[in-house]
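Coordinates in review
The chain contents come next:
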Amino acid sequence: RGCLFDVSGFKKPAPTQYNELKVASGETGGAVSDSFVVQIGAYANAVTANQELKKLKKWDFKAYEEKIGDNMRLRVGPYSERSQAEKVSKQLKNRGLYPVVLSSK
């Protein structure tokens, strides 16, 4: 489907290194300047990314594309609190996707 990585074997996304570093350094996620996004995937094919974006918007998610080099990241958000992003992530998982919550700080 145009995704850069095979998600067929994923059960639960691993935490990002950035979030592990925040926890290890004692930082908390409650600061006003923090925001969180839900990443759906990274796509090499812009047409596929656009189709997925349209699907997310049809489902009433606050989705957007982000061009990184030759690839397109597909994300939902941002949300001011991690709990909001986690709730959206769960909804997306229920629709068969493999989202990952990331800090966008």
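The rules we used
- Residues numbered from 1 in each chain as written.
- Predicted model: local features only at pLDDT ≥ 70, side-chain atom pairs only at ≥ 80, totals over all residues.
- Heavy atoms only, no water.
- Helix = DSSP H or I, 4+ residues; strand = E, 2+ residues; numbered from the N terminus.
- Buried < 20%, exposed > 50% of the residue type's maximum accessible area, 1.4 Å probe, protein only.
- Contact = heavy atoms within 4.5 Å.
- Areas by Shrake-Rupley, 256 points an atom, 1.4 Å probe, with all protein chains shown as cover.
- Expected span 1.5 Å × (residues − 1).
- Arc of directions from axis to C-beta.
- Core = buried A, V, L, I, M, F, W, Y, C linked by side-chain atoms within 4.5 Å.
- Pairing = 2+ DSSP bridges.

1. Considering the overall build of the protein chain
The helix and strand inventory of the protein chain stands at three helices and four strands. Listed N to C, the secondary structure of the protein chain is α-β-α-β-β-α-β in terms of helices and strands. For the protein chain, the residues scored as buried account for 33% of the 105 residues in total. Long-range contacts, defined as pairs at least 24 residues apart, comprise 68% of the intrachain contacts of the protein chain with a sequence gap of at least 6. Per element, the accessible surface of the protein chain, about 6,800 Å² overall, is 53% carbon and sulfur.

2. Side note on helix H2 (residues 46–58)
Between its terminal C-alpha atoms H2 stretches 18 Å, which fits the 18 Å expected from 13 residues at 1.5 Å a residue. Buried within H2 are the following residues: Thr48, Ala49, Glu52, Leu53 and Leu56. Angularly, the buried residues of H2 cover 140° about the axis, an arc narrow enough to put them on a single face. Exposed positions of H2 whose direction lies more than 90 degrees from the buried face are Val47, Gln51, Lys54 and Lys58. Two residues or fewer past H2, aspartate 60 is found with a positive phi of approximately 70°.

3. Side note on the environment of arginine 73
Topologically, arginine 73 is positioned in strand E3 (residues 71–79). Overall, the relative accessible area of 27% leaves arginine 73 in the partly exposed class. With 30 residues separating them along the chain, arginine 73 and tyrosine 43 place their C-alpha atoms 6.3 Å apart.

4. Quick look at the nonpolar core
Note that soluble globular proteins tend to have their nonpolar side chains buried in a common cluster. The biggest cluster of nonpolar side chains holds 18 residues, and the ones touching the most others in it are Val38, Ile40, Leu56, Val76, Val88 and Leu92. Listing elements by their share of this core, those giving two or more residues are strand E1 (36–43), H2, E3 and helix H3 (82–94). Non-local contacts of leucine 56, meaning those with residues more than four positions away in its chain, are made with Ile40, Phe61, Ala63, Leu74, Val76, Leu92 and Leu97.

5. Notes on the pairing of strand E2 (residues 63–68)
As defined by bridge partners, E2 adjoins E3 across six bridges and the pair is classed as antiparallel. Looking across to E3, one finds that glutamate 65 is bridged to leucine 74. Count of turn residues in the E2/E3 antiparallel hairpin: two residues, of which glycine 69 carries a positive phi of about 60°.

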